[in-house]
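# Chain and residue survey
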Amino acid sequence: MVIAPLAAFVIAVSSVRTRRGSVNTAMLGALVTLAATLLVGWGLAKRTSGFTASYVYLTANVGLNGPTAFQNFEVDIVLHADHLSVVALAVIELCLIGVLGWHRVAGRNEPGPARFQALISAFLFGCVGTLLSTDLAELFTFWALTGGATYLMLAHRWGDEAAARSGRIALALPFLTDLFLLCGIAVLYSRYGQQNLSLLVPVLHTTAGWTVGQIVVASVLLFVGVAGRMALWPLHSWLTQTATTAPPAASAIAAAAWPVVGATVMYRLLPIFVNSNADTMRWFVIACGMSAVLAGLYSLVSIEPRKALVLAGAGVTAVGAAVTIHGFQYHGFTFAVAGLACVYAAAPARAAGELAASNIANAMRTDDMREMGDAWRRMRSSAAVLLGVAIALGVSAAGALAIGVDSRARFGMTLGEAVFVVALAAMRVFLVTSSGPLRRRRAFEPDRVRDAPRASLGWPYWLVLGSLVLAATSLVPAWLTFLDSGKHSTATAATYALWVAIAVAGLAAAALSIGGNKDGSLRASSWLSLLPERLESAGQNVLSRYVVNPAVRIVESTERAVPAADAAVGRISHISGRYTVAALHSGDVGVLVVMAVLLSLLVALLSPGVLR
């Protein structure tokens, strides 16, 4: 599982140069990895415990006479495969295979094909290593490798100025949140001297000198680090700002795979969060609930289809994260894994939505939904994929909410609003692009507004079908039992119907609003979109005034001061050298007289009462 994508990467960077050969190499690596994953899953089918392979990678004696946990620094390579990691890897690999199949035909004009396919193999290698790791140092290493490959994929169009500008946020924001994750790991190691999760969690409350405050700080740092890569609102801009400038395959892979990786890692880290305090867990749940609602609302005011779908998918991810964290709040709850099933179900649909929206935007030569329309007649295959994506995103959370959330509680009402808004936002993208007249100038050239090549159209369909299958399996308690080997109760049919009805209501609301007055709804969206843009502009102005500009002035003054200080030091050294040479050429008696006079003067000045 680990070697196959690494071997594909090495072959791609060392020997493959053609577009077709690089795609075939990356596809072969993904297929072999999927076959190995399924083989491990078959071996785990009748086991409740996973397979573990441990190797000592680095051992160093720090020579510290203190607690034994800190006398040796050791980094182990611990690969642990269980049901959850196998399913998460299978979802990621299926998404990558579907995107590669689409990119092989529809992305044939992208520059640097061999480099891009090699980055996809490196990305898959990082995902496999991250999901199989239980040592925090090893986990962060693979996590950072995956993040680096993600940035290089999103900034792949190096000759495009717009891609270069948008690529900055894809580098800066995730790098900042990754630092939060690294700091959280450092806080834990500095107190407990353990990096292996299986050894760390049991000693959180038994190690001498532990405090709740340190566990809270570590939990907050870890949560922010994971939430940044999951692209939860407001940490989503590294995906939204690159959605229109990065290669569609790169955006689809990042939008589909990172929520799966982040949610699974968060599930592994939740035993640490639980050991903090109840208030911390409650605020994590509140943050995820607010992120789910606000991501859907931001999607409603977006006028770019790919950005709108990224935000709608971020809302589903936030719902799944909220259910997962809520499942760890109390010992009697056993539905935390249902939130992961929700995130897994939405991942293939998010990839398919990015690919289909890219087909429509490229054919109509615009990213403005106010100029789009008539895709159902001109580009029916891509439009049908968007319809399936809207349905899949709307119903993907139904199973998790039915099992783990009380619809009459405030938490249930918040997540219900999030599901309604997400379904409305996803359906809005389909209806706006598929109905009404095409106002782009290409409307006068109908033969040029056509769908992507036929060979690439089937892959998004398979991704949507996989998402719907995963959403249906999340309603079955046996599937949840397979994921975490626990016991899960089933909800009533009325409860399932209630949450599905909320998603259907969101789809219907989009049909009513856009079907009644498409132009009016788009004008309202464009007007409302000015508010977050103005808020973002105001925030950037404040940041520039109080942070960026002072920092730039400090740097400029330092740049001027350092050469001046160096020149002054040089002059002083030169003068002192001249005096030293002169002293050497003078007589010894004269030097001794001068030194005696200076010493006497110094003693006199330092005597009590002289300087008073």
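Here's a quick rundown of the structure.

So, on to the overall build of the chain. A count of helices and strands for the chain gives 22 helices and two strands. In the chain, which comprises 612 residues, the share counted as buried stands at 50%. Across the chain, the fraction of contacts at a sequence separation of at least 24, relative to all contacts at a separation of at least 6, is 81%. When the accessible surface of the chain is split by element, carbon and sulfur atoms take 66% of a total near 27800 Å².

We now examine the pattern of salt bridges. Tallied over the entire structure, the rule returns 10 salt bridges. One salt bridge in this structure joins Arg370 and Asp368, with 2.8 Å as the shortest N-O distance. Close ionic contact of Asp374 with Arg378 constitutes a salt bridge, the shortest N to O distance being 3.0 Å. Since its relative accessible area comes to 15%, Asp374 is described here as buried. Through salt bridges with shared partners, one network takes in Asp374, Arg377 and Arg378.

Let's shift gears to the side chain of Ser276. Inspection of the secondary structure puts Ser276 in the loop between helix H10 (248-274) and helix H11 (278-301). A relative accessible area of 7% places Ser276 in the buried class. From its side chain, Ser276 meets the backbone oxygen of Phe273 in a polar contact 2.4 Å long. If sequence neighbours within four positions are ignored, Ser276 has contacts with Val212, Ile215, Val216 and Ser219.

The subject of this paragraph is the packing of aromatic side chains. Within the structure shown, the criterion is met by 11 aromatic pairs. One aromatic cluster in this structure is built from Phe123, Trp143 and Trp258. Above the ring of Trp238, the side-chain terminus of Arg229 is found at 5.5 Å from the ring centroid. Directly above the aromatic system of Trp258 lies the positively charged group of Arg229, at a separation of 4.8 Å from the ring centroid.

On to the environment of Val91. Relative to the assigned elements, Val91 resides in helix H3 (residues 83-106). For the pair formed by Val91 and Tyr344, sequence separation is 253 residues and the distance between their alpha carbons is 6.7 Å. Those residues within four positions of Val91 in sequence are excluded, and the remaining contacts are Val260, Tyr344, Ala347, Pro348 and Leu470.

What follows deals with the environment of Ile11. Structurally, the position occupied by Ile11 is in helix H1 (residues 3-14). The spatial distance from the C-alpha of Ile11 to the C-alpha of Ala118 is 8.4 Å, given a sequence separation of 107 residues. The contacts of Ile11, once residues within four sequence positions are left out, are Val16 and Thr25.

With respect to the secondary-structure elements, Thr33 resides in helix H2 (residues 19-44). Only 2.6 Å separates the side chain of Thr33 from the backbone oxygen of Gly29, close enough to count as a polar contact. If we ignore the near neighbours within four places in the chain, the residues touching Thr33 are Met1, Ala4, Pro5, Glu93, Leu124 and Val128.

When two helices pack together, their arrangement is given by the angle between the helix axes and by the axis-to-axis distance. Packing of H3 against helix H4 (residues 113-132) brings their axes to within 10 Å, and their N-to-C directions diverge by 170°. In this view, H3 runs roughly antiparallel relative to H4, as classed from their interaxial angle. In contact with Ser85, Ala88, Leu89, Ile92, Glu93, Leu96, Leu100 and His103 of H3, H4 contributes Phe116, Gln117, Ile120, Phe123, Leu124, Cys127, Val128, Leu131 and Leu132. Its residues assigned to classes, the contact of H3 with H4 shows 13 nonpolar, three polar and one charged.

Cut-offs applied
Residues numbered from 1 in each chain as written. Predicted model: local features only at pLDDT ≥ 70, side-chain atom pairs only at ≥ 80, totals over all residues. Heavy atoms only, no water. Helix = DSSP H or I, 4+ residues; strand = E, 2+ residues; numbered from the N terminus. Buried < 20%, exposed > 50% of the residue type's maximum accessible area, 1.4 Å probe, protein only. Contact = heavy atoms within 4.5 Å. Areas by Shrake-Rupley, 256 points an atom, 1.4 Å probe, with all protein chains shown as cover. Salt bridge = Lys/Arg side-chain N within 4 Å of Asp/Glu carboxyl O. Polar contact = N/O pair within 3.5 Å; in protein donor to acceptor, adjacent residues only side chain to side chain. Phe/Tyr/Trp six-rings, centres within 6.5 Å; stacked < 30°, edge-to-face > 60°. Lys NZ or Arg CZ within 6 Å of the ring centre and 35° of its normal. Axes fitted to C-alpha atoms, helices over the stretch in contact; angles between N-to-C directions. Parallel < 35°, antiparallel > 145°, perpendicular 65-115°, else oblique. Nonpolar A, V, L, I, M, F, W, Y, C, P; charged D, E, K, R; others polar.

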